[in-house]
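Topology and contacts: notes
Next come the chains, spelled out residue by residue.
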Amino acid sequence: MQELISTLYLLIICLAFWGYGAIILGWLSKPNDFGSGITVAIGISAFILSCGYFELFHLASPLAFQIFLAIGIVLSLVQLKKIGFLGTNINRKFWLQEQFQASNSKALLASCVGISISVLCLLITLSYFYHLPLNQHDDFSGYLVLAKRILQEGYQGGDPFNDRSIEQGFGAGNYIIALLSSYLPAAASHLADTGIGLILLILLTLNAHKRVHISTSFAFPLVCIVIWCAVIINAPIVNASPLIVAGGLFVATISFYIQSNYGERYFDHVLLALLLSSLLVLKGNYIIPVCATGLCIYLCRLTIARLSRTALEFAIFLGCMLLFTLPWLIANWQFAKTPFYPLLGHGLVTPNALGLASLDQFADAILALLPYYVILISLLALLHRFKEALDQRLFFFISSLSIVIILLSCSLTMTSAGSLTRYSYVSLFGPMAFLALYALFNLSLKEVVSKSRLHISSALIFITLIGFSVPQLLDTMKRSSRGLIKVLIHSTSNMPYSLDVAREQLRINLLQNSLPLGSTVLLRLDTPFLIDFGRGKFHVMDWPGNVGPKPGVPYDQSPENLAQYLRDQGIQYIAYSYGNEALFSIRDPELASRQNHPNPWIRTQAVRTFAVQNQLQVLGRRYPRIFDNGQDFVINISEPMISKQ
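Each chain has its residues counted from 1, running along the sequence as written. Residue-level local features of this predicted model are given only where pLDDT is at least 70; pairs of side-chain atoms are given and counted only at 80 or more, and the full residue set underlies all totals for whole chains, interfaces and linings. The basis for every side-chain value is the complete set of heavy atoms in the structure, and neither hydrogens nor water enter the calculation.

Notes on the pairing of strand β1 (residues 520-524)
Throughout this description, buried means an accessible area under 20% of the type-specific maximum (1.4 Å probe, protein chains only), exposed means over 50%, and partly exposed covers the range between. Elements are defined by DSSP. Helices are runs of H or I of four residues or more, strands are runs of E of two residues or more, and each kind is numbered from the N terminus. Burial within β1 is extensive, with five of its five residues counted as buried. Alternating residues of β1 divide into Thr520, Leu522 and Arg524 and Val521 and Leu523, and every residue in both groups is buried. Two strands qualify as a pair provided DSSP detects at least 2 bridges between them. Looking at chain direction, β1 and strand β2 (residues 537-540) are connected through four bridges and run parallel. When the bridges of β2 are listed, leucine 522 appears paired with histidine 539. The sheet contact formed by β1 and strand β3 (residues 573-576) spans four bridges and is parallel. In the sheet register, valine 521 faces β3, and the bridge partner there is tyrosine 573.

Examining the sheet that holds strand β5 (residues 633-636)
With mixed pairing, the five strands of this open sheet are ordered in space as β2-β1-β3-β5-β4. Looking along the sheet, the strands with just one partner apiece sit at the ends: β2 and β4 (625-628). Taken pair by pair, the neighbouring strands of this sheet meet at an average axis angle of 15°, ignoring direction. Note on definitions: angles span 0 to 180 degrees between N-to-C directions of axes, and those axes are lines fitted to C-alpha atoms, for helices only across the stretch in contact.

Some thoughts on the pattern of salt bridges
What makes a salt bridge here is a side-chain nitrogen of Lys or Arg within 4 Å of a carboxyl oxygen of Asp or Glu, nothing more. Overall, the coordinates contain 13 salt bridges when judged by the stated rule. Where arginine 507 meets aspartate 632, a salt bridge forms, and the shortest distance between an N and an O atom there is 2.8 Å. In this pair, arginine 507 sits in helix α21 (residues 501-513) while aspartate 632 sits in the loop between β4 and β5, placing the two residues 125 residues apart along the sequence. A single burial state applies to arginine 507 and to aspartate 632, both of which are buried. One network of salt bridges, with partners in common, ties together Glu504, Arg507, Asp526 and Asp632.

Digging into the nonpolar core
Residues belong to one nonpolar core when they are buried, are Ala, Val, Leu, Ile, Met, Phe, Trp, Tyr or Cys, and are joined through side-chain atoms within 4.5 Å. Within the largest apolar cluster, 112 residues are counted, with the highest numbers of intra-cluster contacts made by Phe47, Phe65 and Tyr175. Core analysis: the second largest hydrophobic core is formed by 21 residues, Tyr555, Tyr565, Leu566 and Ile571 among them.

Re helix α7 (residues 138-153)
Across the chain, bend at a residue is computed as the angle between axes fitted to the seven residues ending at that point and the seven starting from it. A bend of about 40° at valine 145 is the largest found in α7. In terms of burial, α7 is a largely internal element, 13 of the 16 residues being buried. Downstream of α7 by a residue or two, glycine 154 has a phi angle that is positive, lying close to 90°.

What about the side chain of glutamate 504?
Note on placement: glutamate 504 falls in helix α21. According to the relative accessible area criterion, glutamate 504 is buried, its value standing at 8%. Throughout, a contact is declared for two residues whenever any of their heavy atoms are within 4.5 Å. When residues no more than four places from it in sequence are discounted, the contact partners of glutamate 504 are Leu499, Thr527 and Leu530.

What to know about the environment of leucine 144
Residue position: leucine 144 is located in helix α7. Taking the relative accessible area as the measure of exposure, leucine 144 reaches 5% and is therefore buried. It is 9.6 Å that separates the C-alpha atoms of leucine 144 and threonine 527, two residues lying 383 residues apart in sequence. Setting aside its immediate chain neighbours within four residues, leucine 144 contacts Leu134, Asp139, Ile177, Ser189 and Phe529.

Below, the structure written as structure tokens:
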């Protein structure tokens, strides 16, 4: 029953996004030129960017999100009525009408079977994501904490000890989680990205095939492939980070550019800025893909438009990018004294910290892909410049070969030691989609192209999705095959990250009741996202020792130096889950082995976490405990020590 409610709520959210997107397209462009996928993407982008004002002025709340959805639903109903989808025209406008009126019974049967299988796959996939366990660290101490703070405090909290709040960049993806969490329980948090992103990708896929006049019976198997690939990307479920939504927004940006006749109208560049700005603030990892996509677009424009016009369009684009991201830039400056991670300054990140704000991790995750983007930009400019002169077979061959080259490069990148597979996937998904859609749309515009060749060009998208999934699938089978099988059969009771929320909430409530109202507390708990952040000032250490006000957390000094550092920041109490070592125990062989991990980011996190937790254990014996349930303690470090052991 809960899965059905979650699916209905997802559809309501997407319908609201469609309503906002339709209004914006009506103002700035020709809405009938674009499909529902691009319209939903415009609505998602508008939501993400408007949340910058929530972050800046601390205005977010469950009520604000519900009002946002209510207005979006009203706008969508008005637009549906306007275009004739409501009322007497519904039968004539129904999008499958042509299939049901077809005299070919085989085509009708194929369409019905395709639709049924696709809908079934979608429902199974959404149920699969709903039952996936939450990540015991990244989600419990990071993404869910920040989403909870948005709902309770009106913004992400400005916590200088939470590494996730800094390394994520602006963190607009947490507002999507908060939007979903304003109604659904924490167990459904994975749907915030995978559910919305999957629906977006499916709509974009259907729109692409409708544009090149390919039958429904051919389009729906492709939808099943899209669903399958979304499962593969998230099969290990590292965390609730925004990945599928990002992939959808990249595809929507490229599709919009092509369908708008390559940015023919000036307002098209405002909408391009809207889409890419939302990706920029969604997560810090997407900085390079956003820049590469923007360069591809304007380098292509330069080959078909005058230099003066292209320069003006680019100026409009950059000006709108600055305008759209301005509230996020100001909010980040207020919090961390730097407007833009990871490029402009370190802010609260100490000089020896590792995260996206440092060159090592940033280079490992993103900059290693730059050679492929250089190839992409050069290739796209060449294809765009000479597309009319190229023979269609040569055009198809060059496009296909380019996809294969980038696919192989991506596979090598994703399977290399210490790589961040899921982020590499999304980073290269944009260029792949650019090439696939570019070839598909341009081939469809050539009058001499046969239907069979259109089907072959559509296979480019199949190659993109299936090919990218292979290294991810191998990685999944290697690392989490047993857990994946349990999830697929919904046997989550024995999953390592399974959580009894009701029991954990009671445990957290008892701990929090021991604290005076309004006190300032450092949290290193199993489930800090269950804290009521409105009852005090709470700092959550997700990766202890990585970030903090200068001169930085003294993880390599004595326990008393840590206590004094915390007192200097106004912290009175420390709450620590010593029983499970905050779900990061040195007794766990896999976690202990991270101290020697080949990736310096993972290795540094583990070393510092264990060091700080050892300090907390010592402080727990030295200072008076105001709460101890055998699993968690709360100590008052503002009082004199009771022991120096």
